[in-house]
Amino acid sequence: MLVPLAKLSCLAYQCFHALKIKKNYLPLCATRWSSTSTVPRITTHYTIYPRDKDKRWEGVNMERFAEEADVVIVGAGPAGLSAAVRLKQLAVAHEKDIRVCLVEKAAQIGAHTLSGACLDPGAFKELFPDWKEKGAPLNTPVTEDRFGILTEKYRIPVPILPGLPMNNHGNYIVRLGHLVSWMGEQAEALGVEVYPGYAAAEVLFHDDGSVKGIATNDVGIQKDGAPKATFERGLELHAKVTIFAEGCHGHLAKQLYKKFDLRANCEPQTYGIGLKEVGLDYQNPYLSPFREFQRWKHHPSIRPTLEGGKRIAYGARALNEGGFQSIPKLTFPGGLLIGCSPGFMNVPKIKGTHTAMKSGILAAESIFNQLTSENLQSKTIGLHVTEYEDNLKNSWVWKELYSVRNIRPSCHGVLGVYGGMIYTGIFYWILRGMEPWTLKHKGSDFERLKPAKDCTPIEYPKPDGQISFDLLSSVALSGTNHEHDQPAHLTLRDDSIPVNRNLSIYDGPEQRFCPAGVYEFVPVEQGDGFRLQINAQNCVHCKTCDIKDPSQNINWVVPEGGGGPAYNGM
Amino acid sequence: MAELRVLVAVKRVIDYAVKIRVKPDRTGVVTDGVKHSMNPFCEIAVEEAVRLKEKKLVKEVIAVSCGPAQCQETIRTALAMGADRGIHVEVPPAEAERLGPLQVARVLAKLAEKEKVDLVLLGKQAIDDDCNQTGQMTAGFLDWPQGTFASQVTLEGDKLKVEREIDGGLETLRLKLPAVVTADLRLNEPRYATLPNIMKKKIEVIKPGDLGVDLTSKLSVISVEDPPQRTAGVKVETTEDLVAKLKEIGRI
């Protein structure tokens, strides 16, 4: 029985509703004191409940084998593959032997890649000057650009003048998944050891605190956290330098930010979800990005292009929109960050692939120099390649991101997007981003949600089955699947918070922002109230929940490798 | 005792969780770039072979797959599960589309003789064509005994006791080695393919011509279509309505 949402806004009912929840669950503070909690156990993952304190793990062999490499790269996306290819190109050119290992959680390279994508080919051509002969799938050059503002029924066309970031002359429409797949083949041909289907689950450290490498995920753990007969530990991959290229909001990067305090001097990252382009700094907890997207497709200016077509694929992924202001420190002893993980997307241009690739290339060059330098003296066992950050700051990536840094924040003013356009016209188009000030973002995305009582619920139209669709049939098209008998990889630091805080204050935004229907508030079997049900198998690895949870209680960790979406050329 | 050698055949098929799409020209289904994995029954066969090796009853496990270059991924998975060697019988993509159980059985039979194996293990059927023929045909070509739909396999000296799941219940056979066995669902639960094993092993590539096998097929696919859309059902209130409706559509 769902309480009608309109009633929740009335103070009396709000109080009543809260009391009903408290009737079934002990208040948050009490659960810390008392040993009996009536919150149903949701999280069973060993990152929340360590195995060395778990009786079921007594006597299980936890030994891990280790392999030594020169460089280990986490993530086979455009950035990771660029770095791998560049390292091997340099090794061949200088006749040195470098062992490069690349791990990727998707079952095949490209299966978790999702993007527009309109590629600025500069960095790609730098890496593969003979891309045409090699048959790279850059088949569709841009011929025409159209930009417009959509009102409820109409479209206001906006001219794209040369010099504006949205101008796409010289760019290619690509299926990024196929391009990434092609890059994977090139990497393998050059001798990179590519291991799809193996997720990097843990960062390893030397005693001196520098990064030693990573460990791949353990396999064979039951849903309730106990070991299966097929339990096996992951493999440790040790390296002199580990490159983290996990893409937007990587889970290992999240740990590294904390450990090395890499975000001390930058703004929090802000995000969008690519469905396409619903900014995650929205305030109304009733907003559902998926349903906004369905609604957008019905707009009179969009509809004609889609009519008569057939829906053949679906996917979602968070992307970073923080730009220049949100770039963290990029290097630390033993490793560095490249690609969308730290976040080099040029927001007004809506492109991050070219900068991601360039960051991978620069990382490879900097690492190669250190590895082959005769006078190498390192304070730590894991190499600290500070040269990478310096090289990046001297490259076109930095100049490009600097020049567009104020465009998105300028949309946060009183005039909204129109203010942003005026700002862009003056300061970017004419002055090329040389103004001396840097505007700030309005804080982290998860802080921006207002309580449900202060917002109006949004009535979304029903999907028509021709152009707009329901969520679950869309998720089926993503081909996502996970071994069902494993602990849910969407872990909660505190199992009681979803109902006690997220549902009671924000009306459970996770049931709306997840583009795969992972989170559901279902009525409890006996009595009143709800519990959170996590359908981990549906997850498409978009990371939106980790980003937007107002309580920051959800911690996305990597599931068993090979699980997740099966995108084909997305 | 551990002198026996096992040949396990594995097939690369479209992953079971992927939504299949028929190609617009109706010659087949879309396979380009689609996620593929090892046929689940083949995984069970590999697992059984590896378990026999762990029990020291078998000396060597050889994994083989027929098809285009991508088959090597599947062989690599078998190696990661514990097979010792991999053989890829390379068939160019255009011909691979016409590879059927008969052709594969010819290849396996020749390979089994060449490698002098004592046991050929396969999955009972592939989840893409559901033919359930390759194991049986291989046994026919080799003139070896066969135990299909195996749910339990026990080695007893030079004989193999195979418990089979059949419609009537469970049937137990005793086969003299060498033999062919096809794996059914409840034979075992396959282990995960882990990284350390993949790194060290090699795959040998050979051509069907090297084995002297002719891959011509007498079958040709005329068309592949989606199943017809299910039309909506109709609810009626009373039995009289039901009879009237049935008469209306000419069923009675």
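None of the values given here were measured: they were computed from a predicted structure.

Q: Would you explain the overall build of chain A in this entry?
A: Summing up its helical and strand segments, chain A has 17 helices and 24 strands in all. With respect to the three principal axes, the spread of C-alpha positions in chain A is 75 × 70 × 45 Å. Taking all 570 residues of chain A together, 58% fall into the buried category. Counting contacts in chain A only where the partners sit at least 6 residues apart, residues at least 24 apart contribute 78% of the total. Per element, the accessible surface of chain A, about 25,200 Å² overall, is 55% carbon and sulfur. Counting 62 positive and 60 negative side-chain charges, chain A places the centres of these two groups 6 Å from one another.

Q: What should I look at first to understand the nonpolar core in this one?
A: Nonpolar side chains tend toward joint burial in soluble globular proteins. Residue and element names in this part refer to chain A. Core analysis: the biggest nonpolar cluster contains 59 residues, and F124, I338, I367 and Y388 have the highest contact counts within it. Of all the elements, helix α10 (residues 353–372) adds the most residues to this core, at nine residues. Apart from the residues lying within four places of it in its own chain, the contact partners of I338 are A79, G80, A83, I243, F244, A245, F344, S359, G360, A363 and Y388. By size, the runner-up hydrophobic cluster in this structure holds 38 residues, among which are F290, A488, V558 and M570.

Q: Would you explain the pairing of strand β6 (residues 147–150) of chain A in this entry?
A: Looking along a regular strand, one sees side chains alternate from face to face of the sheet. Residue and element names in this part refer to chain A. Across four bridges, β6 lies against strand β7 (residues 155–158) in antiparallel orientation. Pairing of F147 across the sheet is with V158, part of β7. Following β6, the chain reverses through four residues before pairing antiparallel with β7.

Q: I'm lost on the environment of B:L219 in this one. Help?
A: Residue and element names in this part refer to chain B. Along the chain, L219 turns up in the loop between α7 (208–211) and α8 (239–248). You can call L219 exposed: its relative accessible area is 70%. It is 28 Å that separates the C-alpha atoms of L219 and E43, two residues lying 176 residues apart in sequence.

Q: So what exactly am I meant to see when it comes to the interface of chain A and chain B here?
A: Put simply, an interface is often sized by how much accessible area is lost when its parts join up. Contacts between the two partners involve 28 residues from chain A and, on the opposite side, 23 residues from chain B. Each partner contributes to the roughly 2,100 Å² buried at the junction of chain A and chain B, and carbon and sulfur atoms together form 58% of this total. Joining chain A to chain B, the criterion identifies zero salt bridges. One can count eight residue pairs in polar contact (both at pLDDT 80 or more) joining chain A with chain B. Looking at the side of chain A that touches chain B, the elements that each hand over two or more residues are β9 (193–196), β12 (219–221), β13 (227–232) and α14 (471–477) of chain A. In terms of residue count, β13(A) provides more of the side of chain A that touches chain B than any other element does, three residues in total.

Q: Got a minute to help me understand the packing of aromatic side chains in this structure?
A: Each aromatic ring pair is described using two quantities: the centre-to-centre distance and the angle formed by the ring planes. Residues and elements named next belong to chain A. The tally for this structure, following the rule as stated, stands at 12 aromatic pairs over all chains. Their ring planes at 75° and their centres at 5.9 Å tell us that W131 and Y172 sit as a pair that is edge-to-face. With a gap of 41 residues between them, W131 in the loop between α5 (122–127) and β5 (140–141) and Y172 in strand β8 (residues 172–173) connect regions that are remote in the sequence. Looking at W131, the relative accessible area reads 7%, which means it is buried. For the ring pair F290 and Y314, a centre distance of 5.6 Å and an interplane angle of 80° mean the geometry is edge-to-face.

Q: Please explain the packing of α10(A) against helix α11 (residues 386–393) of chain A as it appears in this structure.
A: In a packed pair of helices, the relevant descriptors are the angle between the two axes and the axis-to-axis distance. Residue and element names in this part refer to chain A. Taken N-terminus to C-terminus, the directions of α10 and α11 make an angle of 140°; their axes are 8 Å apart at the nearest point. Classed by the angle they form, the pair α10 and α11 counts as oblique. The interaxial crossing formed by α10 with α11 has right-handed handedness. Contacts between α10 and α11 involve S359, L362, A363, S366, N369 and Q370 from the former and E387, Y388, N391 and L392 from the latter. Tallied by class, residues from the contact of α10 with α11 come to four nonpolar, five polar and one charged.

Q: What is the right way to read helix α4 (residues 101–115) of chain B from this model?
A: The α-helix winds at 3.6 residues per turn, so residues separated by three or four positions along the chain end up facing the same way. Residues and elements named next belong to chain B. With 15 residues, α4 extends 20 Å from end C-alpha to end C-alpha; this agrees with the ideal 21 Å at 1.5 Å per step. Among all positions of α4, only P101, Q103, V104, A105, V107, L108, A109, L111, A112 and E115 are buried. Once α4 finishes, K116 follows within two positions and takes phi at roughly 55°, a positive value.

Q: What should I look at first to understand helix α7 (residues 251–260) of chain A in this one?
A: Within the span of α7(A), buried status applies to A:H251, A:L252, A:A253, A:L256, A:Y257 and A:F260. In the segment just after α7(A), A:D261 is the residue with positive phi, at about 50°.

Q: Quick question: what am I supposed to make of the state of the cysteines here?
A: Here a disulfide denotes one covalent bond, and it connects the sulfur atoms of two cysteines. Applying the stated rule across the entire model yields zero disulfides over all chains. Unpaired in this structure, A:C545 has its nearest cysteine sulfur neighbour in A:C542, at a distance of 6.4 Å.

Q: Can you walk me through the pattern of salt bridges in this structure?
A: If the charged atoms of two oppositely charged side chains come close together, the side chains can form a pair. In total, this model carries 43 salt bridges over all chains according to the counting rule given. Ionic pairing is found between A:K240 and A:D70, a salt bridge with its closest N-O pair at 2.7 Å. In this pair, A:K240 sits in the loop between β14 (236–238) and β15 (241–244) while A:D70 sits in the loop between β1 (66–68) and β2 (71–74), placing the two residues 170 residues apart along the sequence. Among the residues examined, A:K240 registers a relative accessible area of 39% and is labelled partly exposed. Two residues, A:K349 and A:D120, come together in a salt bridge whose shortest N-O distance is 3.0 Å. With a gap of 229 residues between them, A:K349 in the loop between β20 (335–337) and α10 and A:D120 in the loop between β4 (118–119) and α5 connect regions that are remote in the sequence. Across the pair, A:D120 and A:K349 agree in class, each one buried. Within this structure, B:R5, B:E60, B:R85, B:E115 and B:E204 form a network of salt bridges that share partners.

Q: It is not clear to me how the confidence of the model for chain B should be interpreted in this structure. Could you clarify?
A: Predicted coordinates in areas of low pLDDT are best not read in detail. Residues at a pLDDT of 70 or more form 98% of chain B, whose mean pLDDT is 92. Overall fold confidence for the complex sits at a pTM of 0.85, while the interface term, ipTM, reaches 0.78.

Q: Can you help me understand the side chain of B:Q103 in this one?
A: Residue and element names in this part refer to chain B. Positionally, Q103 belongs in helix α4. Of the polar contacts made by the side chain of Q103, one reaches the backbone nitrogen of G100; its length is 2.9 Å. Not counting residues up to four positions away in its chain, the partners in contact with Q103 are R98, V213, L215, T216 and S217.

Q: How should I be thinking about the confidence of the model for chain A in this particular structure?
A: Confidence along chain A averages 86 in pLDDT terms, with 92% of residues attaining 70 or more. Low pLDDT, under 50, characterises residues 1–37 of chain A; the stretch is placed with 43 contacts to residues that sit more than four places away or in other chains.

Q: Mind showing me how you'd approach unusual backbone geometry here?
A: Leave glycine aside and you will find that most residues have negative phi; peptide bonds, for their part, are mostly trans. In this model, B:L177 is joined to B:P178 through a cis peptide bond whose omega is -5°. Locating B:P178 in the fold gives a position in the loop between β9 (169–176) and β10 (179–183). For A:Q552, which is not a glycine, the phi torsion comes out positive at approximately 50°. On the secondary structure map, A:Q552 appears in the loop between α17 (544–548) and β24 (554–556). Overall, A:Q552 belongs to the partly exposed group, its relative accessible area being 24%.

Q: Would you mind showing me how to read the side chain of A:H45 here?
A: Residue and element names in this part refer to chain A. Inspection of the secondary structure assignment puts H45 in the loop between α3 (28–33) and β1. A relative accessible area of 7% means that H45 is categorised as buried. Among all residues touching H45, those that are not within four sequence positions of it are P487, A488, T491 and V557.

Rules behind the numbers
Residues numbered from 1 in each chain as written. Chains lettered and ligands numbered in written order. Predicted model: local features only at pLDDT ≥ 70, side-chain atom pairs only at ≥ 80, totals over all residues. Heavy atoms only, no water. Helix = DSSP H or I, 4+ residues; strand = E, 2+ residues; numbered from the N terminus. Buried < 20%, exposed > 50% of the residue type's maximum accessible area, 1.4 Å probe, protein only. Contact = heavy atoms within 4.5 Å. Areas by Shrake-Rupley, 256 points an atom, 1.4 Å probe, with all protein chains shown as cover. Lys, Arg positive; Asp, Glu negative; His and termini not counted. Charge placed at Lys NZ, Arg CZ, Asp CG, Glu CD. Core = buried A, V, L, I, M, F, W, Y, C linked by side-chain atoms within 4.5 Å. Pairing = 2+ DSSP bridges. Buried area = accessible area lost by both parts, 1.4 Å probe. Salt bridge = Lys/Arg side-chain N within 4 Å of Asp/Glu carboxyl O. Polar contact = N/O pair within 3.5 Å; in protein donor to acceptor, adjacent residues only side chain to side chain. Phe/Tyr/Trp six-rings, centres within 6.5 Å; stacked < 30°, edge-to-face > 60°. Axes fitted to C-alpha atoms, helices over the stretch in contact; angles between N-to-C directions. Parallel < 35°, antiparallel > 145°, perpendicular 65-115°, else oblique. Left-handed = near helix turned anticlockwise from the far one by under 90°. Nonpolar A, V, L, I, M, F, W, Y, C, P; charged D, E, K, R; others polar. Expected span 1.5 Å × (residues − 1). Disulfide = S-S within 2.5 Å. pLDDT = per-residue confidence, 0-100.

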